[in-house]
Amino acid sequence: MSACRLDSLEKCLESHLPEPELAEVRRILFGKETPKLDLPECAIEAANEQDFELKGYMFDAKKEELRPPRRIRVGLIQHHIVLATENHILDQINAMHSRVGEMVKVAAMCGVNIVCFQETWTMPFAFCTREKEPWTEFAESAEVGNTTRFCQELAKKYNMVVISPILEREALHNTLWNTAVVISNSGNVLGKSRKNHIPRIGDFNESTYYMEGDTGHTVFQTQFGKIAVNICYGRHHPLNWFMYSMNGAEIIFNPSATVGDLSEPMWPIEARNAAIANHCFTCAINRVGTENFQNEFTSGDGKKAHHDFGHFYGSSYVAAPDGSRTPGLSRTRDGLLVVEMDLNLNQQISDKWSFKMTGRYPMYAEELSKAVRHDFKPNIVKE
Ligand SMILES: NC(=O)NCCC(=O)O
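Treat the numbers as computed from the prediction; the structure is a model and nothing was measured. (Residues numbered from 1 in each chain as written. Predicted model: local features only at pLDDT ≥ 70, side-chain atom pairs only at ≥ 80, totals over all residues.)

### Observations concerning the overall build of the chain
Part 1: Helix and strand content of the chain: ten helices and 16 strands.
Part 2: At 21 Å, the chain has a C-alpha radius of gyration in line with the 21 Å of a compact globule built from 383 residues.
Part 3: When its C-alpha atoms are laid out on the principal axes, the chain stretches across 65 × 55 × 45 Å.
Part 4: Counting over 383 residues, the chain shows a buried share of 48%.
Part 5: The contacts of the chain with a sequence gap of at least 6 include a subset with a gap of at least 24, amounting to 71%. (Helix = DSSP H or I, 4+ residues; strand = E, 2+ residues; numbered from the N terminus. Rg over C-alpha atoms; globule rule 2.2 N^0.38 Å. Buried ≥ 20, exposed ≤ 12 C-beta atoms within 10 Å, placed from the backbone. Contact = placed C-beta atoms within 7 Å.)

### With respect to helix α6 (residues 238-246)
Part 1: Within the sequence span of α6, burial applies to Asn240, Trp241, Tyr244 and Ser245. An end-on view of α6 places all buried positions within 135° of arc, on one side of the element.
Part 2: For α6, the secondary structure elements touched by its buried residues are β8 (225-229), β9 (251-256) and α8 (267-278).
Part 3: One or two positions beyond α6, positive phi appears at Gly248, with a value near 100°. (Arc of directions from axis to C-beta.)

### Quick notes on the UniProt feature "domain: CN hydrolase" (unreviewed entry) in the chain
Part 1: Feature annotation in UniProt assigns "domain: CN hydrolase" (unreviewed entry) to the following positions: residues 72-343.
Part 2: What you have in residues 72-343 is 22% helix and 29% strand, and the ends, taken at the C-alpha atoms, are 8 Å apart. (UniProt positions renumbered as here; feature names shortened; annotations may be inferred.)

### Thoughts on the sheet that holds β8
Part 1: On the basis of which strands lie adjacent, the open sheet formed by five strands has the order β7-β8-β9-β10-β15 and mixed pairing. Of all the strands in the sheet, just β7 (220-222) and β15 (317-319) have a single pairing partner and so form its edges. The average undirected angle you get between the axes of adjacent strands in this sheet is 25°.
Part 2: Direction of pairing for strand β10 (residues 281-286) relative to β15: antiparallel, over a ladder of three bridges. Within β15, the position partnered with Ala284 by the bridge is Tyr317.
Part 3: Packed onto the sheet, α8 meets β9, β10 and β15 and runs at close to 155° relative to β10. (Pairing = 2+ DSSP bridges. Axes fitted to C-alpha atoms, helices over the stretch in contact; angles between N-to-C directions.)

### Details of the sheet that holds strand β3 (residues 114-116)
Part 1: Taken in spatial order, the seven strands line up as β1-β16-β2-β3-β4-β5-β6 in an open sheet, and their pairing is mixed. Every interior strand has two partners, whereas the edge strands, β1 (53-59) and β6 (189-194), have only one. On average, each strand axis in the sheet is tilted by 25° relative to the strand beside it, whichever way the strands run.
Part 2: Sheet analysis places strand β5 (residues 175-183) next to β6, joined by five bridges and oriented antiparallel.

### Concerning the nonpolar core
Part 1: Ranked by size, the top nonpolar core spans 98 residues in total, and within it Ile114, Val115, Cys283 and Leu336 carry the most contacts.
Part 2: Among the elements that take part in this core, helix α4 (residues 89-109) stands out by supplying eight residues, more than any other.
Part 3: In this structure Ile114 touches Ile72, Val74, Met160, Val161, Thr222, Phe224 and Ile227, once residues within four positions along its chain are discounted. (Core = buried A, V, L, I, M, F, W, Y, C linked by C-beta atoms within 7 Å.)

### A look at the environment of Arg70
Part 1: With respect to the helices and strands, the residue Arg70 is situated in the loop between β1 and β2 (71-78).
Part 2: Accessibility expressed as a C-beta count within 10 Å gives 16 for Arg70, which makes it partly exposed.
Part 3: Expressed as a C-alpha distance, the spacing of Arg70 and Phe30, which sit 40 residues apart in the sequence, is 23 Å.
Part 4: Ignoring anything within four residues of it in the chain, the contact list for Arg70 reads Gly225, Asp342, Leu343 and Asn344.

### Description of the site of the ligand
Part 1: Close to the ligand lie Glu119, Pro199, Phe204, Cys232, Tyr233, Ser256, Ala257, Thr258, Leu262 and Ser263, which account for all nearby residues.
Part 2: For the shell around the ligand, a count of residues per class yields six nonpolar, three polar and one charged. (Near = placed C-beta within 6 Å. Nonpolar A, V, L, I, M, F, W, Y, C, P; charged D, E, K, R; others polar.)

### Thoughts on the pairing of β10
Part 1: Extensive coverage of β10 is indicated by the burial of six of its six residues.
Part 2: Neither face of β10 is left uncovered, since the one carrying Phe281, Cys283 and Ile285 and the one carrying Thr282, Ala284 and Asn286 both have all their residues buried.

### Notes on the environment of His97
Part 1: Relative to the helices and strands, His97 resides in helix α4.
Part 2: Accessibility expressed as a C-beta count within 10 Å gives 18 for His97, which makes it partly exposed.
Part 3: When the C-alpha atoms of His97 and Gly202 are compared, they prove to be 29 Å apart, with 105 residues separating the residues in sequence.

### Thoughts on the packing of α4 against helix α5 (residues 146-158)
Part 1: Look at α4 against α5: their axes get within 11 Å of each other, and the N-to-C directions meet at 15°. Taken together, the axis directions place α4 and α5 in an arrangement best described as roughly parallel. Here α4 and α5 pass one another in a crossing that is right-handed. Contacts between α4 and α5 involve His97, Gly101, Val104 and Ala108 from the first element and Phe150, Leu154 and Tyr158 from the second.
Part 2: Along the lines of polarity and charge, the residues of the contact of α4 with α5 split into five nonpolar, two polar and no charged. (Parallel < 35°, antiparallel > 145°, perpendicular 65-115°, else oblique. Left-handed = near helix turned anticlockwise from the far one by under 90°.)

### Some remarks on the environment of Trp241
Part 1: By the element assignment, Trp241 lies in helix α6.
Part 2: Given 27 C-beta atoms within a 10 Å radius, Trp241 is considered buried.
Part 3: Taking the C-alpha atoms as reference, Trp241 lies 8.9 Å from Ala271; in sequence the two are 30 residues apart.

### Topic: unusual backbone geometry
Glycine aside, residues mostly have negative phi angles, and peptide bonds mostly take the trans form.
Part 1: Cis geometry marks the peptide bond from Glu133 to Pro134, where omega comes out at 5°.
Part 2: Following the sequence through the fold, Pro134 ends up in the loop between β3 and α5.
Part 3: Backbone geometry at Ser315 places phi at a positive 65°, although glycine is not the residue there.
Part 4: Within the secondary structure layout, Ser315 lies in the loop between β14 (312-313) and β15.
Part 5: Residue Arg360 is not a glycine yet carries a positive backbone phi of 55°.
Part 6: If you trace the backbone, Arg360 turns up in the loop between α9 (344-353) and α10 (361-371).

Following this line, the structure appears as structure tokens:
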């Protein structure tokens, strides 16, 4: 079976395992069951009409005596590019705006408070080509660009925080960045978070285009909780997740663009492990489809010249601090994942497992400050 024909691991297990084993396999693979959310009929109909998958799950927390529950809903949106990559840039962007705008409308019907789109959601993932033109023309201002204005309208209209990862052009020195713009539910731009770690692997030739982010590990205080954005390749860096969490993030979003051959076995583990290790929720989002480019490209890895990157496998999911996770969205279809979470779970799990409390951070800070020096001598005992 080809990589793009398997719809999802979960569906595959469901159709091949008998019920008692299925429940046990699910418990071992995904942790405590995440019950399905009741979503409104109008949302289900709209998703069907517009041909995207709509799924909803919930993570509950124990009732506390002193604190009320802090239940909120997040929406994760994964999608194909709408028009082929040869089309006029503005047509491609506008087509993506209208597709995602419709999906956000459905998110609003489902009571979503914070929505996050995939990495550089307004464009094909053209960085594989290493061609500057026309792809750099997709870059926009994070503060006043068309895409930010479009998201501000959505945020105001639906009273929703919108996380919009784009290719950013900073006017001052024409620097390009890979940036998530965070727009408050008031419609104001709350700030931006730039991608900290840039891949240098396979066809991910992103270092040709933009610089390592300079926004550190900013956390955004929103009406619905403290959120942070760790963009794609940053998920392979445990310290990156850790620092967002040290700054108080309760939910860390990981908008991504990654392909099956490279990272699929790592995908279900990394964001989930980060949720466990940092006592927070994590939301992993990946685009879907295979994107074709007119000119062939190579990446100096001995592979024959090719026109596409491979299959972006979707599979967006949410993980909780107790190690449980939702099933993923499809590997092949556009989709909206709506997840209700009680943020009280973070403190409850922190009290239970105490990873932060037992973390011995001063010891590591001291060791790490020595280990990064050029005169560092590894502490190895030899006979
Ligand atoms: N977009 C991006 O950073 N992709 C790198 C590949 C990966 O991290 O799986």
